[in-house]
Amino acid sequence: MEIKAALTGNPNCGKTTLFNALTSSKQRVGNWPGVTVEKKEGTYKNDPSILIQDLPGIYSLSPYSLEEVVARSYLVQEHPDVILDVVDTSNLERNLYLTTQLLELDIPVVVGLNMMDIVEDKIDLKKLVRWLNAPVVEVSALKKQGLESLMKQVKNESAKKEQKPFLFSRSIEDAIGSIQRLLPETKQTRWYALKVLENDSRILEELSLSKTDQQKITKLREAIENEFDDDIESILTAQRYDFIEKLIQDCVKRKRTKHAMSVSDRIDSIVTNRFLALPIFVLIMYGIYTIAMGSTPFSIGTIGTDWANDVLFGETIPGMMGSVIQYFHINPILASLLKDGIVAGVGATLGFVPQILVLFVFLSILEDCGYMARVAFIMDRLFRKFGLSGKSFIPLLVATGCGVPGIMASRTIEQDRDRKLTIMTTGFIPCGAKMPIIGLFAGAIFGNSSLVATSAFVIGIAAVVVSGIMLKKFKAFAGEPAPFVMELPAYHFPSLSNVLHSTWERGFSFIKRAGTLILLSSIVLWFLQSFGFVNVDDKINMYINDEINMYNF
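What comes next concerns the included structure. (Residues numbered from 1 in each chain as written. Predicted model: local features only at pLDDT ≥ 70, side-chain atom pairs only at ≥ 80, totals over all residues. Heavy atoms only, no water.)

### Observations regarding the overall build of the protein
Each helix and strand in the protein was counted, giving 23 helices and nine strands. Across the 553 residues in the protein, those meeting the buried criterion constitute 45%. Sequence separation of 24 or more characterises 71% of the internal contacts of the protein that already satisfy a separation of 6 or more. Of the roughly 29800 Å² of accessible surface on the protein, a fraction of 61% belongs to carbon and sulfur atoms. (Helix = DSSP H or I, 4+ residues; strand = E, 2+ residues; numbered from the N terminus. Buried < 20%, exposed > 50% of the residue type's maximum accessible area, 1.4 Å probe, protein only. Contact = heavy atoms within 4.5 Å. Areas by Shrake-Rupley, 256 points an atom, 1.4 Å probe, with all protein chains shown as cover.)

Take a look at the structure:
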């Protein structure tokens, strides 16, 4: 019997690292139906009967972002057998807010306390289990510790039918019970009643309650708001955090004083400094691009690309293909298709792969150690002035190497409006494939001026700025960028398996998506260059004239 486990948690809580550790290579990557949000699922490597669905990183089940809508829809509509809630133990208060919402879903929850290897505080697990009414397991996804115990609890909890949530104040609990009796029989769950009480527009639209029931619910809501002198959403949020605060006071013993600076705080005081942040970032990126795409003896990516283009696809494979064609006496047209169409198309794609892979390796290292989150934070203030979010910077940066993975990287942006605006502007960034064209114009028109390449980059960046400002005027892109909310994870040494896995995923996705298009284009160009249309009568007349001329000669 298959067990469906939904893997949830806040962004940067180590959820992806845990997913990779649990599933290894037994995973599938795609998109959720109808949206650009990435979908990952895989089977537990030690037990194929457990299917793990990696949900997008979210802070709550309120539908403020596309990721939250996707995660909530899956949990409510698909109703998995168990929820595996990954909690960043170094930021327990923030992460447990999502846990209190998951407990409302009438689905068994298993809490995985991740990053226990870097936490100095002492946590009383027995007390924590009693507070949450759910099993809690200490794990370290990075060091692969506690994974077997965690999955054993997942398997045990999947047999249970309900989950006991924490309780709000008496008046709110009475209102929840009253609303449950007004809901359709199939929707009489605590979670639906809470969302109706919160005035959640999506749930109200789904339920289509009568006007009489809506009026009763409105009176209940107004009574609570008058009692607490606040809006209902703030009241519920405050009571959740009151519960979490009492939990932490009882279960957590602090080893470090509240105001003592951690190692991450000390590093951030330098790399996010208002004066040093940009110069440090420029130096890091300069080093990465020098190694990946520069022209120095240390440019590993360029050396690999030159070998792929000049040796592998310039001499070796065409030579082997020529020998095969000659040995089997292949038709000249088919031979031309194989050499000039298919091999040339594959070479045009794979020739760039060494540079792309080296770039992806370094970007994966920066992302895994926690620095990329700081980059988005640093760039947000600048990008916001022309309509983009700080998170748009990463796709624009990747696009300087290649526009295809740059546009693909925009799927990490939560807000649909910001994501579309980033996709529309990323194509203006000059990438490696555009540089030969720029060089052609520089040589043919501008006398090999070295300023052409520089001006191309300047014009490309200016086009991003101008197009961002212009697109803001259209209805589809109107409004301000979404508020910048991002958890800054603690710095840690990157995991080799995570870096290699991320590099492989991005590299393979580039080859699959860009390669198929480039190969198809190469075959079309070969056909257009090899075949044409002529007037048959003109061809016959030319043949007759040639015969007459030969006879006269």
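### What about helix α15 (residues 353–369)?
Helix length check: α15 (17 residues) gives 24 Å between terminal C-alpha atoms against 24 Å at 1.5 Å per residue, within 8%. All buried positions along α15 are accounted for by V353, Q355, I356, V358, L359, F360, L363, S364, L366, D368 and C369. G370 sits one or two residues past α15 and shows a positive phi near 105°. (Expected span 1.5 Å × (residues − 1).)

### Notes on the nonpolar core
Core analysis: the biggest nonpolar cluster contains 54 residues, and L75, L105, L113 and L132 have the highest contact counts within it. When residues in this core are grouped by element, the largest group, eight residues, is from helix α10 (residues 232–251). Here L113 is in contact with V87, T89, L92, I123, L125, L128, V136, V137, E138 and V139, once residues within four sequence places are set aside. (Core = buried A, V, L, I, M, F, W, Y, C linked by side-chain atoms within 4.5 Å.)

### A few points about the side chain of S522
By secondary structure assignment, the location of S522 is in helix α22 (residues 496–530). Ignoring sequence-local partners within four residues, the contact set of S522 consists of D340, G341, A344 and G345.

### Concerning the packing of aromatic side chains
The full count for this structure, using the stated rule, is five aromatic pairs. When the ring of W191 is compared with that of Y192, the centres are 5.3 Å apart and the planes differ by 85°; the resulting orientation is edge-to-face. For the pair formed by W191 and Y192, the shared burial category is buried. (Phe/Tyr/Trp six-rings, centres within 6.5 Å; stacked < 30°, edge-to-face > 60°.)

### Considering a negative patch on the surface
Judged by side-chain charge, D229, D230, D231 and E233 come together as a negatively charged surface patch. As for its placement among the helices and strands, D230 is situated in the loop between α9 (211–228) and α10. Its relative accessible area of 37% is what places D230 among the partly exposed residues. (Patch = residues over 30% accessible without salt bridge, like charges linked within 9 Å, V, L, I, M, F, W, Y side chains within 5 Å. Salt bridge = Lys/Arg side-chain N within 4 Å of Asp/Glu carboxyl O. Lys, Arg positive; Asp, Glu negative; His and termini not counted. Charge placed at Lys NZ, Arg CZ, Asp CG, Glu CD.)

### Description of the pattern of salt bridges
Under the definition given, this model contains ten salt bridges. The partner of D200 in a salt bridge is R72, and the shortest N-O contact between them spans 2.7 Å. With D200 in the loop between α7 (190–197) and α8 (201–207) and R72 in helix α2 (residues 66–78), the pair connects residues that are 128 residues apart, well separated along the chain. For the pair formed by D200 and R72, the shared burial category is buried. Within this structure, E104, E173, R190 and R240 form a network of salt bridges that share partners.

### Here we look at the packing of helix α6 (residues 170–182) against α7
Packing of α6 against α7 brings their axes to within 9 Å, and their N-to-C directions diverge by 105°. It follows that α6 is roughly perpendicular to α7 by the angle criterion. Contact with α6, carried on its side by I172, E173, A175, I176, I179 and Q180, involves R190, A193, L194, V196 and L197 of α7 and no other residues of that element. Of the residues that constitute the contact of α6 with α7, the class distribution is eight nonpolar, one polar and two charged. (Axes fitted to C-alpha atoms, helices over the stretch in contact; angles between N-to-C directions. Parallel < 35°, antiparallel > 145°, perpendicular 65-115°, else oblique. Nonpolar A, V, L, I, M, F, W, Y, C, P; charged D, E, K, R; others polar.)

Function-wise, these values are silent; they only describe arrangement.
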